[in-house]
Amino acid sequence: MLALEVQDLSVHFGEFRALEGVSLKVPEGAFVAIVGPNGAGKSTLLKAILGLVPFRGEVRVLGRPLAETDPLWFGYVPQIKTFDRSFPALSLELVATGLRRRWPFRLFPWEKEEALSALRRVGAEALAFRPLGRLSGGQLQRVYLARALIRRPRILLLDEPATGVDRVGEVDLYRYLEAYQEESGATVLMITHDWEAAHHASHVLVMNRKVVGFGPPERALTEECLRQAFGHLGHAHGLYLGGGHA
Ligand SMILES: Nc1ncnc2c1ncn2[C@@H]1O[C@H](COP(=O)(O)OP(=O)(O)OP(=O)(O)O)[C@@H](O)[C@H]1O
């Protein structure tokens, strides 16, 4: 079954065309790395799939039109730079919002258990009772990942989840994602600026307001696709898979 079918999707902000005519078929269980320059519409694409921005075109998820999907099918890790760290709350409480989709002013014991177990799954149990304002960027990413995983989503959407994460934390992150995918068969879409991670994905989407290339890394991460998306490769020569640089 297809996890995701996007047909002729466009998102306009007033006169500005953030996405134009995006079509995509993502098989269930795929790990898709989304790459493209700043402002390419990568975050906007994830938000459209989540129904968070108005769009033209069609999005089907696991065979159903977006309007008929269950919000609990989705897990979402937003870009953490958009998060207000002064918000007075504990990690555990943020994770529990993944259960209720609203702020849990008081947690039931079962919710606490679920949140602790989600934190344990991503190796962050020790952060449970720490205020969000005292977490490092990488720690906050882990807490968000636990929040996204708490309802065992079938589609996981990650917006630059490795930002601010050190190299060891990054390896851990990919290990957790791989383990979750293996046990659940979930589909993962991950925006990344990390070429190495893209090389390890099952599919790569190269985009710049429209789809430039989509397919296995060896077909999508070619010099031609990257040049088309980024305009020029700057110092990135040798990062693409075409031309024997893999
Ligand atoms: N709510 C909005 N209103 C107006 N313009 C917006 C809005 N959201 C995004 N944009 C614009 O749409 C374009 C695409 O933004 P988006 O955040 O999707 O890009 P991105 O590829 O994720 O970029 P980055 O790699 O820098 O995170 C940008 O030019 C941005 O300024």
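Residues numbered from 1 in each chain as written. Predicted model: local features only at pLDDT ≥ 70, side-chain atom pairs only at ≥ 80, totals over all residues. Heavy atoms only, no water.

Looking at an unreviewed UniProt entry, one finds the protein chain named ABC transporter ATP-binding protein, with Thermus tengchongensis as its source organism.

Some details on the site of the ligand
Among the 14 residues in the neighbourhood of the ligand, the closest are listed as Asn 38, Gly 39, Lys 42, Ser 43 and Thr 44. Note that an oxygen atom of the ligand is positioned 3.0 Å from one of the backbone N or O atoms of Gly 41. A distance of 2.5 Å separates an oxygen atom of the ligand from a polar atom in the side chain of Thr 44. Expressed as a share of its isolated accessible area of 640 Å², the protein-covered part of the ligand is 61%. Among the secondary structure elements, those contributing two or more residues to the shell around the ligand are strand S2 (16-27) and helix H1 (42-49). If you tally residues by element for the shell around the ligand, the top one is H1, at three residues. Split by residue class, the shell around the ligand holds five nonpolar, seven polar and two charged. (Near = heavy atom within 4 Å. Polar contact = N/O pair within 3.5 Å; in protein donor to acceptor, adjacent residues only side chain to side chain. Areas by Shrake-Rupley, 256 points an atom, 1.4 Å probe, with all protein chains shown as cover. Helix = DSSP H or I, 4+ residues; strand = E, 2+ residues; numbered from the N terminus. Nonpolar A, V, L, I, M, F, W, Y, C, P; charged D, E, K, R; others polar.)

Re the nonpolar core
One finds Leu 145, Leu 177 and Val 206 to be the most contacted residues of the largest nonpolar core, which totals 51 residues. No other element matches the seven residues that helix H4 (residues 137-149) contributes to this core. Not counting residues within four places of it along the chain, the set of residues in contact with Val 206 comprises Val 35, Val 211, Val 212, Gly 213, Ala 220, Leu 221, Cys 225, Leu 226 and Ala 229. (Core = buried A, V, L, I, M, F, W, Y, C linked by side-chain atoms within 4.5 Å. Buried < 20%, exposed > 50% of the residue type's maximum accessible area, 1.4 Å probe, protein only. Contact = heavy atoms within 4.5 Å.)

Quick look at the sheet that holds strand S1 (residues 2-13)
In spatial order, the strands read S2-S1-S4-S5; together these four strands make up an open sheet with antiparallel pairing. Looking along the sheet, the strands with just one partner apiece sit at the ends: S2 and strand S5 (64-65). Here S1 runs beside strand S4 (residues 56-61); their pairing, made up of five bridges, is antiparallel. The residue bridging Gln 7 from the neighbouring strand is Glu 58, located in S4. This element, H1, spans S1, S2 and S4 of the sheet and lies at about 115° to S1. (Pairing = 2+ DSSP bridges. Axes fitted to C-alpha atoms, helices over the stretch in contact; angles between N-to-C directions.)

Notes on the pattern of salt bridges
Under the definition given, this model contains ten salt bridges. Glu 125 serves as the salt-bridge partner of Arg 120, at 3.2 Å between the closest nitrogen and oxygen. On the basis of relative accessibility, which here comes to 43%, the residue Arg 120 falls in the partly exposed class. Here Arg 167 makes a salt bridge to Glu 196, at a shortest N to O gap of 3.4 Å. Here Glu 196 lies in helix H6 (residues 195-200) and Arg 167 lies in helix H5 (residues 167-184), a separation of 29 residues in the sequence. Exposure remark for Glu 196: the relative accessible area of 44% places this residue in the partly exposed category. Through salt bridges with shared partners, a single ionic network connects Arg 142, Asp 172 and Arg 175. (Salt bridge = Lys/Arg side-chain N within 4 Å of Asp/Glu carboxyl O.)

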